[in-house]
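An overview of the molecular structure
For reference, the chains in residue letters:
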Amino acid sequence: MALKPYKELVQEDISKHVEERDGMKYLNWAKCVDLLHAHGATEVYFEPLVNEKGSSLFMTEHVFTDKNGNTNRCYEVGVKVVVDDKTWEFRGPLMNGPNPVKDNSISQQRIWNCQTRLFVKCIAIHTGLGFNLWLKEEQETEKADKWDDINNHSLAAIKERIERLVTLKMDGGLSAEEIAVKAGLKDADEMREYIRMFKRIHDFETKLRAI
């Protein structure tokens with residue numbers, strides 16, 4: 001007995017097996033294995049991928065710091081997935097729900113959760129099982145990220161992005177004064193005033209909405 005083809009598995013209704021946490025829907029990895037066996041697979045498993053140092057964390061060399069001083073290095077994890085005679089490798093960002101995991105919140109549990117989620121996503125892409133669950137999630141994410149929708153613009157996000165850039169340049173050896181001058185401003189005080197303006201505009205918009 002062989003695993004059913006993609007065109008059949010993609011039609012499989014898995015809604016009764018789906019859980020929801022933090023506004024996101026999940027198919028439990030163990031249930032995913034069980035469903036694959038129920039549809040013809042004889043061997044199903046996954047293993048964590050490891051880097052050259054034996055760690056299951058893959059990361060950028062660059063450290064990113066947010067406005068609260070929390071750091072991260074754009075961490076990723078990966079899995080090797082085996083279904084009968086098929087083998088795939090799949091990597092993705094280390095996430096806590098919809099948010100990236102930072103240095104102060106990394107844990108073995110979050111790494112494991114991400115690895116199991118990558119397993120389920122890899123299965124969906126290659127076999128079709130649960131694919132529509134991911135299709136809906138990707139469509140919702142893409143809609144939320146559209147830059148041409150003015151209602152999705154976030155002043156707070158832009159402010160944080162600029163603060164990260166300033167921090168990045170300072171980590172590279174430039175002073176605040178040098179950054180300001182190179183950016184065409186009079187001095188560091190003018191640069192700080194630009195950044196403070198984001199909060200003022202955000203507060204103004206909040207008051208406008210309340211009228």
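Residues numbered from 1 in each chain as written. Predicted model: local features only at pLDDT ≥ 70, side-chain atom pairs only at ≥ 80, totals over all residues. Heavy atoms only, no water.

1. Section: the overall build of the chain
On a plain count of helices and strands, the chain comes out with seven helices and nine strands. By residue count, 31% of the 211 residues in the chain fall in the buried class. Of the roughly 13900 Å² of accessible surface on the chain, 52% is carried by carbon and sulfur atoms. (Helix = DSSP H or I, 4+ residues; strand = E, 2+ residues; numbered from the N terminus. Buried < 20%, exposed > 50% of the residue type's maximum accessible area, 1.4 Å probe, protein only. Areas by Shrake-Rupley, 256 points an atom, 1.4 Å probe, with all protein chains shown as cover.)

2. Topic: the packing of helix 2 (residues 29-38) against helix 3 (residues 108-127)
At their nearest, the axes of helix 2 and helix 3 sit 9 Å apart, and the two run at 30 degrees to each other. Between helix 2 and helix 3, the angle falls in the class roughly parallel. For the pair helix 2 and helix 3, the crossing hand works out as left-handed. Contact residues: Trp 29, Cys 32, Val 33 and Leu 36 in helix 2; Trp 112, Thr 116, Phe 119, Val 120, Ile 123 and Thr 127 in helix 3. For the contact of helix 2 with helix 3, the residue count by class is eight nonpolar, two polar and no charged. (Axes fitted to C-alpha atoms, helices over the stretch in contact; angles between N-to-C directions. Parallel < 35°, antiparallel > 145°, perpendicular 65-115°, else oblique. Left-handed = near helix turned anticlockwise from the far one by under 90°. Contact = heavy atoms within 4.5 Å. Nonpolar A, V, L, I, M, F, W, Y, C, P; charged D, E, K, R; others polar.)

3. Digging into the confidence of the model for the chain
Any segment with low pLDDT has predicted coordinates that should not be analysed in fine detail. Averaged over all residues, the pLDDT of the chain is 84; the fraction at 70 or higher stands at 89%. Ranking the helices and strands of the chain by mean pLDDT puts strand 3 (residues 44-48) first, with 97, and helix 4 (residues 131-144) last, with 67. (pLDDT = per-residue confidence, 0-100.)

4. Quick look at the pattern of salt bridges
In a structure, side chains of opposite charge can pair up when their charged atoms sit close to one another. Applying the stated criterion across every chain yields a total of seven salt bridges. Where Glu 47 meets Lys 80, a salt bridge forms, and the shortest distance between an N and an O atom there is 3.5 Å. Here Glu 47 is found in strand 3, whereas its partner Lys 80 is found in strand 6 (residues 76-83), with 33 residues between them in sequence. Look at Lys 80 and you get partly exposed, because its relative accessible area is 25%. In this structure, Arg 200 and Glu 193 form a salt bridge, with 2.4 Å as the shortest nitrogen-oxygen distance. Look at Arg 200 and you get partly exposed, because its relative accessible area is 47%. A single salt-bridge network, built from bridges that share partners, covers Glu 193, Arg 196 and Arg 200. (Salt bridge = Lys/Arg side-chain N within 4 Å of Asp/Glu carboxyl O.)

5. What to know about the nonpolar core
Counting residues in each nonpolar core, the largest one holds 31 residues, and the members touching the most others are Val 81, Phe 119 and Ile 123. Looking at this core element by element, the count peaks at eight residues for helix 3. Once residues lying within four places of it in the same chain are set aside, the contact partners of Val 81 are Tyr 45, Phe 46, Lys 86, Thr 87, Trp 88, Phe 119, Cys 122 and Ile 123. Of all hydrophobic cores here, the second largest spans seven residues; its members include Val 166, Ala 176, Ala 180 and Met 191. (Core = buried A, V, L, I, M, F, W, Y, C linked by side-chain atoms within 4.5 Å.)

6. Details of the packing of aromatic side chains
Here the structure, examined in full by the defined rule, presents five aromatic pairs. Taking 5.8 Å as the distance between ring centres and 85 degrees as the angle between the ring planes, the aromatic pair formed by Trp 29 and Trp 112 counts as edge-to-face. Of this pair, Trp 29 sits in helix 2 while Trp 112 sits in helix 3, placing them 83 residues apart in sequence. Looking at Trp 29, the relative accessible area reads 33%, which means it is partly exposed. Owing to a relative accessible area of 34%, Trp 112 belongs among the partly exposed residues under this scheme. (Phe/Tyr/Trp six-rings, centres within 6.5 Å; stacked < 30°, edge-to-face > 60°.)

7. Quick word on the sheet that holds strand 3
One open sheet holds the three strands; their spatial order is 3-6-7, and the pairing between them is antiparallel. Here the strands that pair on one side only, and so sit at the sheet edges, are strand 3 and strand 7 (86-93). For this sheet, the mean inter-axis angle between neighbouring strands, taken without regard to orientation, is 20 degrees. In terms of strand pairing, strand 3 meets strand 6 through five bridges, oriented antiparallel. Within strand 6, the position partnered with Phe 46 by the bridge is Val 81. Contacts from helix 3 reach strand 3, strand 6 and strand 7, with the element oriented near 50 degrees to strand 6. (Pairing = 2+ DSSP bridges.)

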